[in-house]
Amino acid sequence: MLSNHNGNEMTNFFHESNQQMSYASRTADTGWIEWVKAHVRIKGARVLDLGCGGGIYTKALADLGARELVGMDFSAVMLEGARVNGSAYPQIHWQQGDALQTGLESESFDLVMERAVIHHIEDLEACFKEAWRLLVPGGTILIQDRTPEDCLLPGSREHLRGYFFERYPRLMEKEQGRRPSSAKVMDALEAAGFHTIQAFPLWEIRRVYTAVAELRADLMARTGRSLLHALTDEELCDLTEWIVEKLALTDPLEKSITEQDRWTMWMAMK
């Protein structure tokens, strides 16, 4: 379990049995894969995917040539989905654990990745110190998350997340409260002992919807969108139909919808 996570009302659902495959049912975006190939040496590496969820990106790193991988998450439910999702990957070991105290051996990884994890963590420096401990000298930490600036970009046919805040402004305060700024992340990395700290923007394709019914179903299921657990079912239904109406004003609904999320990628060296 994470010992000091943010937003209990939005993270408790990770333990619910019906969420087992919600973070294991898609594949990593090809744009993400190409970005990682261009920036991080994966082939032959020992990798820890900390906060692996359903194992989507753990599998992607294995496909890129990582030699040994540990996929760790605080949720036993998520890990069970990851085990099913990654059953064809003998090089991946799945383990339940805490991002602040993993219990893993020091200097045992070449790369530690934390994707969509740090917005659940209050003490970033402690989290990064644990990653620093786990990395070999010269090892790399790769962090992917959204800053408030990433999340609050205007809504569009591609950036559907922006519509959430336009319809329900109270979600904006929640998102700003749980998303660290890029400066805060970089300061915490430096305080933990890392150097050569860099930040990069990345647009990642989340999903292509071939019909509006697919989008409706995805939104109503809150698939991979923990923020939407702050809405009641009635509010979520209202939001979904409002988004559909907004999209109809810009393009025919029969046209496919390519949803993208804006992320920030941070890299640093031990």
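Cut-off values and rules
- Residues numbered from 1 in each chain as written.
- Predicted model: local features only at pLDDT ≥ 70, side-chain atom pairs only at ≥ 80, totals over all residues.
- Heavy atoms only, no water.
- Helix = DSSP H or I, 4+ residues; strand = E, 2+ residues; numbered from the N terminus.
- Rg over C-alpha atoms; globule rule 2.2 N^0.38 Å.
- Buried < 20%, exposed > 50% of the residue type's maximum accessible area, 1.4 Å probe, protein only.
- Lys, Arg positive; Asp, Glu negative; His and termini not counted.
- Charge placed at Lys NZ, Arg CZ, Asp CG, Glu CD.
- Pairing = 2+ DSSP bridges.
- Arc of directions from axis to C-beta.
- Contact = heavy atoms within 4.5 Å.
- Polar contact = N/O pair within 3.5 Å; in protein donor to acceptor, adjacent residues only side chain to side chain.

> Help me understand the overall build of the protein chain, please; the structure alone is not making it clear to me.
Looking only at helices and strands, the protein chain has eleven helices and seven strands in total. Radius of gyration (C-alpha) of the protein chain: 18 Å, near the 18 Å computed for a compact globule of 270 residues. Along the first, second and third principal axes, the C-alpha set of the protein chain runs to 55 × 40 × 35 Å. The 270 residues of the protein chain split such that 53% are buried. With 29 positive and 40 negative side-chain charges, the protein chain shows a spacing of 3 Å between the two charge centroids.

> What is the right way to read the pairing of strand β2 (residues 68–73) from this model?
Two faces, one strand: in a regular strand the side chains alternate between the faces of the sheet. For β2, the tally of buried residues reaches five of six residues, placing the bulk of the element in the interior. As defined by bridge partners, strand β1 (residues 46–50) adjoins β2 across five bridges and the pair is classed as parallel. Each bridged residue has a counterpart across the sheet, and for L50 the counterpart in β2 is M72. Note: β2 against strand β3 (residues 92–96), five bridges, orientation parallel.

> Sorry if this is basic, but what is going on with helix α9 (residues 182–191) here?
Because the α-helix completes a turn every 3.6 residues, residues three or four places apart line up on one side. Looking at α9, one finds that the buried residues are V185, A188 and L189. The buried residues of α9 occupy one face: seen down the axis, they fall within an arc of 100°. Buried positions along α9 lie against α5 (124–134), β5 (135–145), β6 (195–209) and β7 (257–269). Looking one or two places after α9, you find G193, whose phi comes out positive at around 110°.

> Before we go on, may I ask you to explain the side chain of H159 in this structure?
Note that H159 resides in the loop between α6 (148–151) and α7 (161–167). Polar side-chain contacts of H159 include one of 3.2 Å to the backbone oxygen of L153.

> Got a minute to help me understand the side chain of Q144 in this structure?
If you trace the backbone, Q144 turns up in strand β5. Here R115 takes part through its side chain, which lies 3.3 Å from a polar atom of the side chain of Q144. Not counting the four nearest positions on each side in its chain, Q144 is found in contact with W32, E114, R115, A116, V117, L202, E204, W263, T264, M265 and W266.

> I tried to follow the pairing of β7 on my own but got confused; where do I start?
Both β5 and β7 contribute to a ladder of six bridges, which runs antiparallel. Along β7, the bridge assignment pairs L142 with M267. Pairing of β6 with β7 involves twelve bridges; the strand directions are antiparallel. Considered in β7, the bridge of Q198 is made with M267.

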